[in-house]
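# Observations on the three-dimensional arrangement
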Amino acid sequence: MDSPWDDLTLAFSHTSMFPFFDIAHYLVSVMAMKRQPGAGAVARKNPVSSWFTAMLHCFGGGILSCMLLAEPPLKFLTNHTNVLLASSIWYIVFFCPCDLVSQAYSFLPVQLLAAGMKEVTRTWKIVGGVTHANSYYKNGWIVMIAIGWARGAGGAIMTKFEQLVKGDWKPGGDEWLKMSYPSKLTLLGSVIFTFQHTKHLAISKHNLMFFYTVFLVTTKITMMMTETSSVTLAPLEDTLSRLLFGWQKQFSWCEKKSGTKPSSNGTGSSASKPAVDASENVKKKRTKKTE
């Protein structure tokens, strides 16, 4: 007989993202797009371009994962319900009278609720990406990690591509070169769920989904409440860097130490050469005087 805790986490893992969580995801994505300089003017002058950019923000992870798996990039358009829902969110955000949607979204409780619900969808996207990749490549854990990460955080990469097309792209802000905090958490989650799917982690999927989602929501709300851009992962990154990439520094330190050993017996080899040359010069001068 299952415990109440298992029943709770199992029911949580079966929660449908449509429509409320999807609405929160689309709302946060479109509002982030609207806050970009000139986004409102583009929506009025060229609404088709603005709509396409909004779809990249909303469905960028699915588009990127389809491209990596050699599937049609426009496969997301077959889900007419979600496309219409995202399009409706885009329309009311940019063209609502008196900008009522933006004014309502400006309240912090509304932002916290929407951002927390968006992080819940991130977990579902990672799990869906890992499972979908496993259907193509059985236990191909590298592919599973890549697709899970792409589906969970691919929206940021696709928006950078959109900025590249517009000419607004900056190399310093590329997700491939400098990963943002959500991308790092998504990559970590993709690795964890891949190991769980391949039976390398002794934990059930519904329990892992619950704990990871609570972690995402907690960190996101903490960041918004404290107005910080990220919750530092520096201790974990430094530890992994020393374990995996710190051997070269240790070997270089040993080489320097071994190179200085000959100079410990009074005068080193590099210091003795000038003294020998000086003595030879003195001898030559003396021989010239005698001659």
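Treat the numbers as computed from the prediction; the structure is a model and nothing was measured. (Residues numbered from 1 in each chain as written. Predicted model: local features only at pLDDT ≥ 70, side-chain atom pairs only at ≥ 80, totals over all residues. Heavy atoms only, no water.)

## Overview of the layout of surface pockets
Taken as a whole, the largest pocket holds about 1,000 Å³ of empty space. Of all elements in the fold, only α2 (20-34), α4 (47-68), α7 (108-136), α8 (141-166), α9 (181-197) and α10 (205-226) reach the threshold of two or more residues within the lining of the largest pocket. In terms of residues, the lining of the largest pocket owes the most to one element, α8, which gives nine residues. Grouping the amino acids of the lining of the largest pocket by side-chain chemistry returns 11 nonpolar, 16 polar and nine charged. Sorting the residues of the lining of the second largest pocket by element identifies α2, α4 and α7 as the ones contributing at least two each. No other element matches α4, which puts six residues into the lining of the second largest pocket. (1 Å grid on protein atoms, 1.4 Å probe; cavity = no way out; pocket = protein on both sides within 12 Å on 5 of 7 lines; lining within 4 Å. Points joined across faces, edges and corners; volume = space filled by probe spheres on them. Helix = DSSP H or I, 4+ residues; strand = E, 2+ residues; numbered from the N terminus. Nonpolar A, V, L, I, M, F, W, Y, C, P; charged D, E, K, R; others polar.)

## Digging into empty space enclosed by the protein
Counted according to the given criterion, the structure contains two cavities of 30 Å³ or more. The calculated volume of the largest cavity comes to roughly 80 Å³. Every element with two or more residues in the lining of the largest cavity is listed here: α7, α9 and α10. For the lining of the largest cavity, the class distribution of residues is five nonpolar, two polar and three charged. When its volume is computed, the second largest cavity comes out at roughly 30 Å³. If you trace the second largest cavity, you find it lined by V127, V130, T131, F193, Q196, H197 and K205. Of all the secondary-structure elements, those providing two or more residues to the lining of the second largest cavity are α7 and α9. For the lining of the second largest cavity, a count of residues per class yields three nonpolar, three polar and one charged.

## A short note on the packing of aromatic side chains
On inspection of all chains with the given rule, the structure shows 12 aromatic pairs. Ring plane angle 50° and centroid distance 5.5 Å describe the contact between Y26 and F59, whose orientation is recorded as tilted. With Y26 in helix α2 and F59 in helix α4, this residue pair connects regions lying 33 residues apart in the sequence. Assigned by exposure class, Y26 and F59 land together as buried. Between W90 and F94, the ring centres sit 6.4 Å apart and the planes meet at 45°, which makes this aromatic pair tilted. Within this pair, W90 and its partner F94 are both found in helix α5 (residues 80-95), separated by four residues, close to a single helical turn. For the pair W90 and F94, a shared accessibility class is recorded, and that class is buried. (Phe/Tyr/Trp six-rings, centres within 6.5 Å; stacked < 30°, edge-to-face > 60°. Buried < 20%, exposed > 50% of the residue type's maximum accessible area, 1.4 Å probe, protein only.)

## Details of a nonpolar patch on the surface
The grouping of L188, L236, L240, L243, L244 and F245 at the surface amounts to a nonpolar patch, some 610 Å² of accessible area in total. Structurally, the position occupied by F245 is in helix α11 (residues 234-245). (Patch = residues over 30% accessible without salt bridge, like charges linked within 9 Å, V, L, I, M, F, W, Y side chains within 5 Å. Areas by Shrake-Rupley, 256 points an atom, 1.4 Å probe, with all protein chains shown as cover. Salt bridge = Lys/Arg side-chain N within 4 Å of Asp/Glu carboxyl O.)

## Re the side chain of T186
Summarising the element assignment, T186 is placed in helix α9. In terms of polar contacts, T186 uses its side chain to reach the backbone carbonyl oxygen of P182, at 2.7 Å. If sequence neighbours within four positions are ignored, T186 has contacts with R122, I126, G148, W149, G152, A153 and Y212. (Polar contact = N/O pair within 3.5 Å; in protein donor to acceptor, adjacent residues only side chain to side chain. Contact = heavy atoms within 4.5 Å.)

## Quick word on the pattern of salt bridges
Side-chain pairs of opposite charge can arise whenever the charged atoms involved come near each other. If you walk through the whole model with that rule in mind, you get three salt bridges. Salt-bridge contacts for E71 lead to K75; the nearest nitrogen and oxygen are separated by 3.6 Å. The exposure class of E71 is buried, given its relative accessible area of 9%. Residue E119 pairs with R122 through a salt bridge whose shortest N-O separation is 2.9 Å. With E119 and R122 both in helix α7, this residue pair falls three residues apart, about one helical turn. The exposure class assigned to E119 is buried, which follows from its relative accessible area of 6%.

## With respect to unusual backbone geometry
In this model, F18 is joined to P19 through a cis peptide bond whose omega is 5°. Inspection of the secondary structure puts P19 in the loop between α1 (4-13) and α2. In this structure, C98 takes a positive phi of about 60° despite not being glycine. Following the sequence through the fold, C98 ends up in the loop between α5 and α6 (100-105).

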